[in-house]
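Listed here are the chains, written in short residue letters.
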Amino acid sequence: MARRPEKSGGSCSCSSCGSLTSHASMNRRWQCVYVPLVLACFCLSAVKVNAQVVHIGYFGDEEGILTREFWSVFGVAVTEANRTAPAGISYTISRVWTTSTNATNCSASAEQLVNSNVHVVVSTANSFCTANALPRFEPYNIAVLAAVATANPTLEQAPSRRVLFQLSPSDRTQGQALAATLQFFNWTSMSYVSVSSVSSSGIVEGVRDATQGLTSDDGGVAFSTEELINTPTSNISEKLDEAYTKILESGTGINLLDISDIPTSRLAYRLIFPDLETRRITGVGWQWIASSQATLALQQSSNSEVVRLYMQGTLALVPPYANLTSSLWQNYSLILEEAGHLFASGLATCGVLPGSQNVNLPYRGQVVDAVLMIEQAVRSTAAIWANASAQNSTSQYRSDVYNQLLSINSSQTAITSSTGYQLYFTADRLPAMPRLELVTFDANSWLSIGSWSDSSGFVLHPSQQFLWPGFSLDMPSTLAPGFRPRFKVGFLYIADTGNELEDALGREYLSAFNVSILHNNQNTSGSVLLDPVPRGVNTDENCTATAEELASQVHVVIGDYRSNCSSRVAEVLTRVNTSIAQISYGATLETLSNSTLYPFFLRVVPPDLFQARALAELIQRFGWSKVAILYTEDNLYSEGLLKSFQDAANGTLLNSTVITGATSMSGNLSVAELQINDVLWQIMQNDTRVVLLLVYSGLAERIVVQGSQENGPRPADGWIWVGTDSSTAFQPNSGTVDAVMGMVGTRPKGGQGFVYLGLLSEWLQLNSTLNPGTVFEISAQPQPFVPELFDAVSAAELALSDLVESKKVTQLSTTAQVRTKLFRQLLTYNSPENGFFGSIGSNIYFNNQGNGPAEYDIVNFQGGQWRTVGDWSNSSQDGMKLNLQLLTVLPGGEVALEKAQPPIFQVLYVGVAESSNDSFTKQLDLVQHIANQYVQNNRNFSIRLNINTFIPSVPSKCGSEVVTELERFENQTNQLGYVAVIGLLQSACAISTSDAFRNKNIDIPLISFGATSVALSNKTAYPNFFRTCPNDNNQGNVARDIVGHYGWTKIGIIGTTDPYGSGLAEAVRTEILRRFGDKVQPMKPILFEPNSNLATVQEKLNELRKGNTAVNYISAFTGDTRTVLKAAEHANMLSTGWTWLGGDGMTALQFDSNSQVQVQSLVGSSLIVGNGTLFEFLSTRYSNQGPALGLMPTNNVVFPNGRSVSVPLFAAQLFDSITLLSHSLSQLWNNSEIRNIQFTSTVTGRSSWVTETRRSIIKRLKNSTHPPEISGAIGLPVTFDANQDGPAAYNVLNYFGSQWQVVGEHVITKPIAEKNSSLILLRDIVWSGGVIMAHGSDPPTDNVS
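Each residue is numbered by its place in its chain's sequence as written, counting from 1. Reporting of local features is limited, given that this is a predicted model, to residues whose pLDDT is at least 70; pairs of side-chain atoms are given and counted only at 80 or more, and all residues count toward the totals for whole chains, interfaces and linings. Heavy atoms throughout the structure, all of them, feed into the side-chain values; hydrogens and water do not.

Per residue, pLDDT captures the predictor's confidence, and it can take any value from 0 to 100. Here the chain averages 79 in pLDDT, while 80% of its residues score no lower than 70. Contacts between residues were defined by any pair of non-hydrogen atoms, one from each residue, lying within 4.5 Å. A low-confidence stretch, residues 1-43 (pLDDT under 50), is modelled with 113 contacts involving residues beyond four sequence positions or located in other chains. Here residues 1310-1315 is a poorly scored stretch, pLDDT under 50, and it has five contacts once near neighbours within four places are set aside; other chains count.

Now the structure itself:
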């Protein structure tokens, strides 16, 4: 065996290499070159005897990222060049290492090459060092072929640039390609950080050149923030901090990191990406695009695993990769193989430096292309060199090679590059016909996903699948995740009128406006921030001046409450033609519906035309034969409403009611007070006691009070006062309560539902002095139009959010652009289906006249307060626009009974009893509101539901708390009781509630959508319990079939001791043992108490680890599942090799940036997400209403076809539970099985009616074990089996890329054979570590306890 070459004084003894022969077919002699960096000898093909020797200089970075790789490739390329060189030509090399951080060192290293008589130089140093070396080469005509240097400004400004030949596309070309990429993905703005030795970024200049003159709508790219850090600098970390801060403030999710010109990219990327992660500006939604040398940063790093993870999803544009299948690279492979043989022979230090033979790396092809270019130049001058004199050969050779390289300037003289393309130089010695590959980092290597050329533009490789940052399937948007651009919202309210009642109302409206703004801005899941610009107004002239002021600065105007002022504002906004949307929350004047006069006016309230109809129907309903009208003169509201009422009366009342007169009163309260007695005496003379008050609240109160005085104008039976939304807007004091008793009338739709209650709750937490309102009084009810004010602000916020999320508006959009697009977006909310769920408890929208939904409350002053006793809706589809739900009390205690209408059934919805899941609770609450809307607006249902929400404290206390709520509700005056209880998501809550009702001997139907405990299938114990979901035995089937599919031989189980957790754990274990026997070993479940702390769960997890299984199943609800995962994270049991399975308690988990545990690759069963027409209705409504309320699930469910569903889990089952109850009630009503149960004013009568109705529903549901197939939101018929359980239908979900992905389904529609499986996998599952091959049953070896 040959000896290793000896090293002597920094050189190699060639004795060993000289005697080596190849084991392969090629015979060659070797020369030795010593490489100090790696303290090794390099064996290169020896110089041919009597040959003209071409000395190629190698100029490399001693600290470069791919020093070994480039040196190896260069050596192999020269070795192959020697083998194929023409007769009389041989190549040798001279090499110097330089330190790219030091300009002086770069220059000195170049001087060494000049002094070694090299003829041409190949440089793999960066742009900074190459530029500083050029002045040493240029005087001698030494051509420098730069394989890696790309930085435009650096090289353009370099002196002696004429000898530079670049093999890689320049930074400016990269910028042009980047612009095409940004346009392809519709990214309209980005930020950039450039760390450079010069004052500009070539990449950024290239983007600007390519998009100059374009707007964001047609491919333009705006730069949100620009930060250029010059090197060398000692405070690079501080400068980067400043850059990151600017990026966060700019809100740009697309960010360029240009570090191609700094001394070492490796150092920068190891420094920068952990910093980015620390500031939470990497991962899902954050797209970093790095300069081409970013691809070098991780290739030979032994300790960069963390950096690799942070860089996942990073994009870069790089020169084309070498074509490894070409004959050229096949020859190179033989050389590398030969070198490996030499290593194996004991000559580990004699051979080419180790390179990555089978991995294609960036710039490797360009290093080879530099040698190929030299070969081409040398071939053209071989004959001349053969006759050259020795003393002139060095300078002549240099000039000849340089000139021949200049001549490779067309397709006729081009070479075929190692990348497979034709390669020649432009006049600026840049590569002609430049090409670039778009690559993404998949946390292990760079993956090519697209390509760009100046002739064909950008093309995405259609067959290449890849994940975006954070292992997400969703492409990042232009806006950064969580960034919220700011918009100015003008607001008009009553102030300084001199009337304390009016001013107090204005202060309350201002408080409500501030609460709305605060609610939006504090909602972390919102998309925009609103800057309030409130302005108090009093006179009409003041309204005009204020409108002109707001027109110059805001994006949208909210207000005014009054019709007079609103019309003045609308006139100004029309005149200045600014397209500023005006959204009123109280102006009801009919003429404001004229979109020609007021093109930008919208309102969330209806015009008075509909209020007039509601009042006419109310008077007709009670059969009053005569009615007198009082109105205010010279008042647009009052006079307009009078005309509308007279028109409505003519069309509705027919001949049953006579209007005995319409009397005008002064708009001045002092004057009007003197008119009251005379006016009332006149009405009495017409034998009329019913008075319709079309006046403002202050005057209405004075009329009612004076009319009650014993010695005044007062009929024997008392007056019956009927009021409008204005005249019922006062709150009587202790001295006037008796006078107002029995007054009835209309009010704007009052607040109801979780949106409204949430806003009130936030209001009550504020300082009552700074944010005054009647909400702080005992009644806790704000003034009329407050819910409408909430909805007006919500409309603006939702429209702005939609524009931002659809990228139609960004933080860079001009005020004019925002105004125009905002108004257009508001107009798209043009129907209940396209609207949003508001504080009035129904969908808000604008019809073709810009008006809101025509809905009113019917109010009655009884028991010392205004009570809502019914409602009126123009959108009712059953013909019953007026619905009186409660008994109406008139003056003197007279009770008006309603017998003609079907009842509105009272239903109790029991929400999720777990405070840690508040967001999930509200999401499900929205689903039940949508389901109820569907029932109300569907002609197939002949009844309506009034659903009240109740949230128990904890599941174990559900029973006692729900019974208490039931009794409290029934004991209310004039109130029908609950006929059914729905909700009951948690098994513990369902069991507790069922037990409590049984112990109280209360027969009431309980319909759950998510309580899956097997115990509840026992109809002896729970005869009145129904559910639209299956029991957990079926989840055990899912787990069993997954275990069988992947052939696991053991599985651990950990869960909670409550009925859900313990029942599911036992079901999983039982089903696995039943199917597989001793072939699979499921551990005995390890259980802990619900809501245990982390330390307790960690102890239980230690017990689980003793089972020595990597596959584990969690049987617990969401909060406890999260704790288990947190404990697993602490124990390093979420890393590669571990498998975590679970049931619907796991898949209901929602993770976001604030989650206390970071997970990937969970697999669990979920009740089927949904399908079909009803599910489309549900998901569309939820998508329209959820964002404005901040109630979008943080983790969408994504189907294999890429369709994303933004509804919470269990939504379809909850929807079906409500529609199924409604179908049963409708059938009972239609069959007269409950129609003849009469309403009564007595407590006993009401109780009897409720009891009989409950029993009828239970009987109907029990007899509907197999009803006619009703296709539900789950996409299957909604049926009960013999145990009153729902369909056994599940999806299999996989959590990766920050989303739950549907990867399979498990539906049992009929009995299956003992060894058959109902599991159908629709796509590959991504397991821990991001792999698609399932891990084994045994834990990773480094994790075994």
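Another point: the sheet that holds strand β22 (residues 556-558). Two strands pair if DSSP finds at least two bridges between them. Numbering of helices and strands runs from the N terminus, with a helix taken as a DSSP run of H or I at least four residues long and a strand as a DSSP run of E at least two residues long. Taking strand neighbours across the sheet as the criterion, the five strands line up as β21-β20-β22-β23-β24 in an open arrangement whose pairing is parallel. A single partner strand is all that each edge strand has here, and the edge strands are β21 (529-537) and β24 (601-603). On average, each strand axis in the sheet is tilted by 25° relative to the strand beside it, whichever way the strands run. Docked against the sheet, helix α15 (residues 540-550) engages β20 (486-494), β21 and β22, running at close to 155° with respect to β21. The axes used here are C-alpha line fits, helices contributing only the stretch in contact, and every angle between their N-to-C directions lies in the interval 0 to 180 degrees.

Moving on: the pairing of strand β46 (residues 1139-1142). Residue alternation in β46 divides its side chains into two sets, Thr1139 and Leu1141 and Trp1140 and Gly1142, and both sets are buried. Alignment of strand β45 (residues 1111-1115) against β46, held across four bridges, turns out to be parallel. Note on β46: the bridge partner recorded for Asn1112 is Trp1140. Viewed with both strands pointing away, a crossover whose connecting path from the first strand over the helix to the second turns clockwise is right-handed. Between the parallel pair β45 and β46, the chain is carried across by helix α31 (residues 1118-1130), and the sense of this crossover is right-handed. Burial classification: accessible surface area is computed with a 1.4 Å probe over protein chains only, and a residue below 20% of its type maximum counts as buried, one above 50% as exposed, and the rest as partly exposed.

This part is about the sheet that holds strand β32 (residues 855-862). If you trace the eight strands from one edge of the open sheet to the other, you get β26-β25-β27-β28-β29-β32-β33-β34, paired in mixed fashion. Sheet topology places β26 (658-665) and β34 (882-884) at the edges, where each strand pairs with a single neighbour. Recorded for the sheet is a direction-independent mean angle of 30° between the axes of neighbouring strands. Two elements, strand β33 (residues 865-873) and β34, share three bridges in a ladder whose sense is antiparallel. Considered in β34, the bridge of Asp871 is made with Asn883. Helix α19 (residues 669-685) rests against β25 (626-632), β26, β27 (690-694) and β28 (720-723) of the sheet, and its axis sits at about 165° to β26.

Glancing now at the packing of aromatic side chains. Stacked, edge-to-face and tilted labels apply to pairs of Phe, Tyr and Trp rings (six-membered ring for Trp) whose centres lie within 6.5 Å, assigned for plane angles under 30 degrees, over 60, and everything in between, in that order. Applying the stated criterion across every chain, the model contains 40 aromatic pairs. Measuring from ring centre to ring centre gives 4.8 Å for Tyr58 and Phe74, while their planes differ by 40°; the resulting arrangement is tilted. Taken together, the residues Tyr58 in strand β5 (residues 52-61) and Phe74 in helix α2 (residues 67-84) connect sequence positions 16 residues apart. Phe74 shares its class with Tyr58; the two are buried. Look at Phe969 and Tyr978: their rings are 4.1 Å apart centre to centre, the planes differ by 15°, and that puts the pair in the stacked class. For the residue pair Phe969 and Tyr978, the accessibility class agrees, reading buried in each case.

To continue, consider the state of the cysteines. Disulfides are defined as pairs of cysteine sulfur atoms found within 2.5 Å of each other. Inspection of the entire model under this criterion finds three disulfides. The disulfide partner of Cys543 is Cys565, and the gap between their sulfur atoms is 2.0 Å. What sets the handedness of the Cys543 and Cys565 disulfide is the S-S torsion sign, and at about -115° it is left-handed. With Cys543 in helix α15 and Cys565 in helix α16 (residues 563-576), this pair connects stretches of sequence that are 22 residues apart. Each member of the pair, Cys543 as well as Cys565, carries the same accessibility label: buried. Across a sulfur-sulfur distance of 2.0 Å, Cys958 and Cys989 are joined as a disulfide pair. Of note, the bridge from Cys958 to Cys989 carries an S-S torsion of about -100° and is left-handed in sense. On the criterion of sequence distance, the pair formed by Cys958 in helix α26 (residues 958-970) and Cys989 in helix α27 (residues 987-999) is long-range, its members being 31 residues apart. For Cys989, a relative accessible area of 0% corresponds to the buried category.

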